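# Results of the structural survey
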Amino acid sequence: MEKENETKAEQVVNPWEVSAKGTGKIDYDKLIDQFGCQRLDKSFVDRVFRLTSRTPHIFLRRNVFFAHRDFNEILDAYERGEKFYLYTGRGPSSEALHLGHLVPFMFTKYLQEAFKVPLVIQLTDDEKCMWKNLTVEESKRLARENAKDIIACGFDISRTFIFSDFDYVGGAFYENMVKVAKCVTYNKVVGIFGFTGEDHIGKISFPPVQAVPSFPSSFPHLFSGKDKLRCLIPCAIDQDPYFRMTRDVAPRLGYNKPALIESLFFPALQGETGKMSASDANSAIYVTDSQKDIKYKVNKYAFSGGQDSVENHRKYGANLEVDIPFKYLSFFLDDDEELEHIRKEYGSGRMLTGEVKKRLIDVLTEIVERHRAARAAVTDEMVDAFMAVRPLPNMFN
């Protein structure tokens, strides 16, 4: 307990706050110890390749998704011929998404295609209404705007159900929420989430809402009679507290514990200090940024690990541990050989920061322009179609 408290004092990671004292850099090894999840090693990457016959996603190969809970059990079940479904979500608090927001959706799309499984995407418009002091109407509007960005990632409509809490909560979903709520004491929820006496009761009552999409019976129009279907949740590691609670109560309700596969935080342009700040537009690359915006932000704000003079840089090389342009390339430059070339040349000082930033600008511009074109093609009717409560006939085909 003493060690855990010490870790908590050094760094705070929960669904609403990510911060660390001193350097501001999150210690992921300590976080794994504190949360009690497992590290995702190369054996999982090799196994995914063997089971799906698809090249593992760049986020798997490069350890962007670095921790898990029971992912091995999902793969065991899949190997036995059993099915599972995917569940991920988005708290719609801003009109435009940044690249960090896209990371879980890019990876979830890969999982959906590789394993050929259905997916439910929760838009927690109710959560953002309670935490961000948004009106109900504004939260619902942002949910639909964010849905367009999510659809633009290329999800298969025949396997994907997107829902907003304000629209969907009720019926079997609400029954599961009540069952979960009865299993979690006030002391337990305070211990997991750090709520205080100043938090309104809406916050304290919210965790069951995010918990129950991991139970198949919450979606009778999709999974009727499939109460034992397993669920895999791709998410950033700050969402782990919700699912620690869920995994604790699931067996008591007769459900399988959801499995998780969890990602690192996508660092801010100014340096690796946890999450990007939505209040600082210059801390992130947004999917609405123009090529000119991207070039300006990378050149002006992307923290460099290069030396203070060309002479010193040639002599000592770049510190890749803190260099943001290189970190961003490790997220998004698909070519493993090119990344390794940059690692060697930049790290040794033969390549300069300006060259690396130029390559990054090209990579990010291509991603953002492709996304923007895809989003422009998403109509309100398409959003309605993805969010329609309907069976998904091709779920497992």
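For the structure, see preceding data.
Residues numbered from 1 in each chain as written. Predicted model: local features only at pLDDT ≥ 70, side-chain atom pairs only at ≥ 80, totals over all residues. Heavy atoms only, no water.

### Overview of the overall build of the protein chain
Of the regular secondary structure elements, the protein chain holds 21 helices and 9 strands. What you see for the protein chain is a C-alpha radius of gyration of 21 Å, in line with the 21 Å of a compact globule of 397 residues. Its C-alpha atoms give the protein chain principal-axis dimensions of about 65 × 50 × 45 Å. Carbon and sulfur atoms provide 50% of the accessible area of the protein chain, an area that totals close to 17500 Å². In the protein chain, the 54 positive side-chain charges and the 57 negative ones have mean positions that sit 2 Å from each other. (Helix = DSSP H or I, 4+ residues; strand = E, 2+ residues; numbered from the N terminus. Rg over C-alpha atoms; globule rule 2.2 N^0.38 Å. Areas by Shrake-Rupley, 256 points an atom, 1.4 Å probe, with all protein chains shown as cover. Lys, Arg positive; Asp, Glu negative; His and termini not counted. Charge placed at Lys NZ, Arg CZ, Asp CG, Glu CD.)

### Concerning the packing of helix α8 (residues 136–151) against helix α21 (residues 380–387)
One way to put it is that α8 packs onto α21 with a least axis distance of 10 Å and a crossing angle of 85°. Taken together, the axes of α8 and α21 lie roughly perpendicular to each other. Packed against α8, whose contacting residues are R144, A147, K148 and I151, the element α21 presents D380, M382, V383, D384 and F386 at the interface. Residues that form the contact of α8 with α21 fall into these classes: 5 nonpolar, no polar and 4 charged. (Axes fitted to C-alpha atoms, helices over the stretch in contact; angles between N-to-C directions. Parallel < 35°, antiparallel > 145°, perpendicular 65-115°, else oblique. Contact = heavy atoms within 4.5 Å. Nonpolar A, V, L, I, M, F, W, Y, C, P; charged D, E, K, R; others polar.)

### Structural notes on the side chain of S94
Inspection of the secondary structure puts S94 in the loop between β5 (84–90) and α6 (99–115). A relative accessible area of 19% places S94 in the buried class. Of the polar contacts made by the side chain of S94, one reaches the side chain of R90; its length is 3.4 Å. Within polar-contact distance, the side chain of S94 engages the backbone oxygen of A96 at 3.0 Å. When residues no more than four places from it in sequence are discounted, the contact partners of S94 are H101, L142 and N146. (Buried < 20%, exposed > 50% of the residue type's maximum accessible area, 1.4 Å probe, protein only. Polar contact = N/O pair within 3.5 Å; in protein donor to acceptor, adjacent residues only side chain to side chain.)

### Observations concerning the pattern of salt bridges
Scanning the model with the defined rule gives 35 salt bridges in all. Across the pair R54 and E113 runs a salt bridge whose closest N-O atoms are separated by 3.4 Å. Of this pair, R54 sits in the loop between α3 (42–52) and α4 (58–61) while E113 sits in helix α6, and the two are 59 residues apart along the sequence. Owing to a relative accessible area of 31%, E113 belongs among the partly exposed residues under this scheme. Residue D167 pairs with K140 through a salt bridge whose shortest N-O separation is 3.8 Å. Of this pair, D167 sits in helix α9 (residues 165–168) while K140 sits in helix α8, and the two are 27 residues apart along the sequence. (Salt bridge = Lys/Arg side-chain N within 4 Å of Asp/Glu carboxyl O.)

### Some words on the sheet that holds strand β3 (residues 38–39)
Reading across from one edge, β3-β4-β9-β8-β5-β6-β7 is the order of the 7 strands in this open sheet, with mixed pairing throughout. Two strands bound the open sheet, and with one partner strand each, they are β3 and β7 (160–164). Note: β3 against strand β4 (residues 65–69), 2 bridges, orientation antiparallel. For R39, the partnering residue across the bridge sits in β4 and is A67. On top of the sheet, helix α2 (residues 28–35) reaches β3 and β4; it is set at about 10° to β4, its chief contact. Strand contacts of helix α5 (residues 71–79): β4, β5, β8 (230–236) and β9 (259–263), with the helix running at about 140° to β8, the strand carrying the most contacts. (Pairing = 2+ DSSP bridges.)

### Some remarks on unusual backbone geometry
Here D70, not a glycine, exhibits a phi torsion of approximately 60°, which is positive. Checked against the element boundaries, D70 lands in the loop between β4 and α5. Under the relative-accessibility criterion, D70 is labelled buried at 18%. Backbone geometry at K116 places phi at a positive 55°, although glycine is not the residue there. Looking at the secondary structure, you find K116 in the loop between α6 and β6 (119–123). With relative accessibility at 44%, the residue K116 sits in the partly exposed group.

### Things to note about the pairing of β7
Counting buried residues along β7, 5 of its 5 residues qualify, which places the element largely inside the surrounding structure. With burial as the criterion, each face of β7 is covered, one bearing T160, I162 and S164 and the other bearing F161 and F163. By the bridge criterion, 5 bridges tie β6 to β7 in an arrangement that is parallel. Pairing of Q122 across the sheet is with F163, part of β7.

### Some thoughts on helix α18 (residues 324–332)
With 9 of 9 residues buried, α18 lies mostly within the body of the structure. Residues of α18 that are buried: I324, P325, F326, K327, Y328, L329, S330, F331 and F332. Its buried side turned inward, α18 meets α4, α6, α19 (336–348) and α20 (353–376). Looking at where α18 begins, the residue whose side-chain oxygen comes 2.8 Å from the main-chain nitrogen of F326 is D323.

### Structural notes on the packing of helix α11 (residues 186–193) against helix α15 (residues 240–249)
Interhelical geometry of α11 versus α15 gives an angle of 145° and a closest axis separation of 9 Å. Seen from above, α11 lies across α15 with right-handed handedness. Contacts from K188, I192 and F193 in α11 reach P241, Y242, R244, M245 and D248 in α15. Considered class by class, the residues forming the contact of α11 with α15 number 5 nonpolar, no polar and 3 charged. (Left-handed = near helix turned anticlockwise from the far one by under 90°.)

### Description of the packing of aromatic side chains
Applying the stated criterion across every chain, the model contains 40 aromatic pairs. On the basis of an interplanar angle of 70° and a centroid distance of 6.2 Å, the ring pair of F59 and F332 is categorised as edge-to-face. On the criterion of sequence distance, the pair formed by F59 in helix α4 and F332 in helix α18 is long-range, its members being 273 residues apart. Both residues of the pair, F59 and F332, belong to the buried class. (Phe/Tyr/Trp six-rings, centres within 6.5 Å; stacked < 30°, edge-to-face > 60°.)

By themselves, these observations are geometric and do not establish any function.
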